[in-house]
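Descriptive analysis of the structure
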Amino acid sequence: MGDVTILKIGNNIIVPIQTELHDNAARELQTEILRRIERTGVKGLLIDVSAVNIVDSFLGRLLVETAKMVRLMGTETVLVGMKKEVVLTLIQLGLKMQDLHTALNIEDGLALLETMVSNRFLQGRSHAKFKTE
Amino acid sequence: MPNSRQNSESFEIMISNFEDIILARQKVKFLMGEMCFSLLAQTRIVTAVSELARNMVTHAGQGKMTLFQVDGKRKTRGLKCIFEDKGPGIQNIDEAMQEGFSTANSLGLGLGGAKKLCNEFKIESVPGKGTSISIIEWL
């Protein structure tokens, strides 16, 4: 799906969602993100939804699941840019997104992503050390 | 619904696939903008419309959304959206309204969630015949 740009910058992939995604387009975007991570091996994924006016239960669940999927590939996810109206609506709707790391904007999101990735790397190293001893 | 009277032309949108859900959302957002609803109300109702329209596509294959302005008591105005389908209907409405209940392997937030997002919510369903859901948001 060519609707959404996927940018690779350094060790991160940045996905700014700029259009209203219908369900199939959202699923295709998810597949495309997984494909790009598989191909590039980046450690961080940042999804920017600051241009998204509506997050319903489908898109919300898809975002949470995408984060879980890429985590299985060794990549951390941060969702940024949720509008206040979207946030109010999501809470009222009852959608639980606690598994998803979030930040206010891209700048904060990249900083959070950096600490998450380095924490995971350090954890991985300490485990490796423990095993060899 | 009691205490509400249609006062404008109505818009009908046939919804049979996921692209139509986006069109329905855009139409509702446009009308609500024209009626001067707050951005928060627009977001809530468009989200509810998205859930209800998706329900029609998933469970009934297709359906019809009708939109019109209504007058309430004391000069209040509102927007009414009716979702009608000729799908399998709902066996147990109370159960279907509960959070977490789903027959389609989804989160089960659609119906109950949509009810929480709007001012008035009415559901009628006859198993085997279809379902009709109407929501109203007052200005």
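Here is what the cut-offs are and how they apply
In this numbering scheme, every chain counts its residues from 1 along its sequence in written order. Chain letters start at A and ligand numbers start at 1, both assigned in the order the entries are written. Since the coordinates come from a predicted model, pLDDT governs what is reported: local features require at least 70, and pairs of side-chain atoms require 80 or more to be given and counted, while whole-chain, interface and lining totals use all residues. By convention in this description, side-chain values take in all heavy atoms of the structure and omit both hydrogens and water. When DSSP finds at least two bridges between two strands, those strands are taken to pair. Here a strand is any run of E in DSSP of at least two residues, a helix any run of H or I of at least four, and the numbering for each starts at the N terminus. With axes taken as lines fitted to C-alpha atoms, and helix axes fitted only over the stretch in contact, angles between N-to-C directions fall between 0 and 180 degrees. Here a salt bridge means any side-chain nitrogen of Lys or Arg lying within 4 Å of a carboxyl oxygen belonging to Asp or Glu. A 1.4 Å probe rolled over the protein chains alone gives each residue an accessible area, and that area as a share of the maximum for its type sets the label: buried under 20%, exposed over 50%, partly exposed in between. Pairs of residues are marked as contacts when any of their non-hydrogen atoms sit within 4.5 Å. Summed over both partners, the accessible area lost on bringing two parts together, with a 1.4 Å probe, is the buried area. Identification of polar contacts relies on pairs of N or O atoms within 3.5 Å, with a donor-acceptor requirement for protein atoms, meaning one able to donate a hydrogen and the other able to accept it, and with residues adjacent in sequence counted only if both atoms are side-chain atoms. Angles are sorted into four bins: roughly parallel if under 35 degrees, roughly antiparallel if over 145, roughly perpendicular if 65 to 115, and oblique for all others. Less than a right angle of anticlockwise turn of the near helix away from the far helix marks a crossing as left-handed, whereas a clockwise turn marks it as right-handed. Under the grouping applied here, Gly and all other residues not named as nonpolar or charged are polar, the nonpolar ones being Ala, Val, Leu, Ile, Met, Phe, Trp, Tyr, Cys and Pro and the charged ones Asp, Glu, Lys and Arg. Given a helix with a known number of residues, its expected span is that number minus one, times 1.5 Å. The definition used for a disulfide is geometric: two cysteine sulfur atoms within 2.5 Å.

Where strands meet in a sheet, backbone hydrogen bonds hold them as pairs that are either parallel or antiparallel. Residues and elements named next belong to chain A. With mixed pairing, five strands are arranged side by side in an open sheet as S1-S2-S3-S4-S5. Strands at the two margins of the open sheet, each flanked by one partner only, are strand S1 (7-9) and strand S5 (101-103). In this sheet, adjacent strand axes meet at a mean angle of 25° when their direction is disregarded. As paired strands, S1 and strand S2 (residues 12-16) are joined by three bridges and run antiparallel to one another. Along S2, the bridge assignment pairs Lys8 with Ile13.

Moving on, we come to the pattern of salt bridges. Where charged atoms of side chains with opposite charge meet at close range, the side chains can pair. In total, this model carries 12 salt bridges over all chains according to the counting rule given. Of the charged contacts, one joins Arg25 of chain B and Asp56 of chain A as a salt bridge, the two residues approaching to 3.6 Å between their closest N and O atoms. Taken as a pair, Arg25 of chain B in helix H1 (residues 18-34) and Asp56 of chain A in the loop between strand S3 (44-48) and helix H2 (57-72) lie in two separate chains rather than in one. An identical accessibility class is assigned to Arg25 of chain B and Asp56 of chain A; each is buried. With its nearest N and O atoms 2.9 Å apart, the salt bridge here joins Arg54 of chain B to Asp56 of chain A. Taken together, the residues span two chains, with Arg54 of chain B in helix H2 (residues 39-60) and Asp56 of chain A in the loop between S3 and H2. Neither Arg54 of chain B nor Asp56 of chain A differs from the other in exposure class; each is buried. A single salt-bridge network, built from bridges that share partners, covers Glu20, Asp23 and Asp56 of chain A together with Arg25, Glu51 and Arg54 of chain B.

Let's shift gears to the interface of chain B and chain A. Counting residues at the interface gives 23 residues for chain B, matched by 22 residues for chain A. Interface of chain B and chain A: buried area, both sides summed, is about 2,000 Å²; carbon and sulfur atoms make up 60% of it. For the pair chain B and chain A, the number of links is four salt bridges. Counting across the chain B and chain A interface gives seven residue pairs in polar contact (both at pLDDT 80 or more).

Two quantities define a packed helix pair, namely the angle between the axes and the distance from one axis to the other. Residues and elements named next belong to chain B. Where H2 contacts helix H4 (residues 110-117), the two axes come as close as 9 Å, and the packing angle between them is 155°. Looking at the two axes, H2 sits roughly antiparallel to H4. For the element pair H2 and H4, the recorded crossing hand is left-handed. Together, Arg44, Ile45, Thr47, Ala48, Glu51, Leu52 and Asn55 of H2 and Gly110, Leu111, Ala114 and Leu117 of H4 make up the contact between the two elements. Residue composition of the contact of H2 with H4, by class: six nonpolar, three polar and two charged.

As for its placement among the helices and strands, Gln42 of chain B is situated in helix H2. Ignoring sequence-local partners within four residues, the contact set of Gln42 of chain B consists of Lys29, Met32, Gly33 and Phe37 of chain B.

Turning our attention to H2 of chain B. Helix length check: H2 of chain B, at 22 residues, gives a terminal C-alpha distance of 31 Å against a target of 32 Å (1.5 Å per residue), a fit within 8%. Residue Gly61 of chain B follows H2 of chain B closely and has a positive phi angle near 85°.

All names here are of chain B. Applying the stated rule across the entire model yields zero disulfides over all chains. We note that Cys36 lacks a disulfide partner, and the nearest cysteine sulfur, in Cys81, lies 17 Å from it. Lacking any disulfide linkage, Cys118 is separated from the closest cysteine sulfur, that of Cys81, by 8.5 Å.

To continue, consider H1 of chain B. Turn by turn, an α-helix covers 3.6 residues, leaving residues three or four places apart pointing in a common direction. With 17 residues, H1 of chain B ought to run about 24 Å at 1.5 Å a step, and its terminal C-alpha atoms sit 25 Å apart, in line with that. Regarding H1 of chain B, the residues found buried are Phe18, Asp20, Ile21, Ile22, Ala24, Arg25, Val28, Leu31 and Met32 of chain B. Buried residues along H1 of chain B sit in contact with helix H1 (23-40) of chain A together with strand S2 (11-15), H2, strand S3 (63-71), strand S4 (77-85) and strand S6 (130-138) of chain B. Phi for Cys36 of chain B, located one or two positions after H1 of chain B, is positive at around 65°.

Before going further, it helps to examine the packing of H1 of chain B against H2 of chain B. Residue and element names in this part refer to chain B. At their nearest, the axes of H1 and H2 sit 9 Å apart, and the two run at 150° to each other. One element, H1, and the other, H2, form an angle in the roughly antiparallel class. Crossing geometry of H1 relative to H2 is assigned as right-handed. In this structure, H1 contributes Phe18, Ile21, Arg25, Val28, Lys29, Met32 and Gly33 to the contact, and H2 contributes Leu39, Ala41, Gln42, Ile45, Val46, Val49, Ser50, Ala53, Arg54 and Val57. Along the lines of polarity and charge, the residues of the contact of H1 with H2 split into 11 nonpolar, three polar and three charged.

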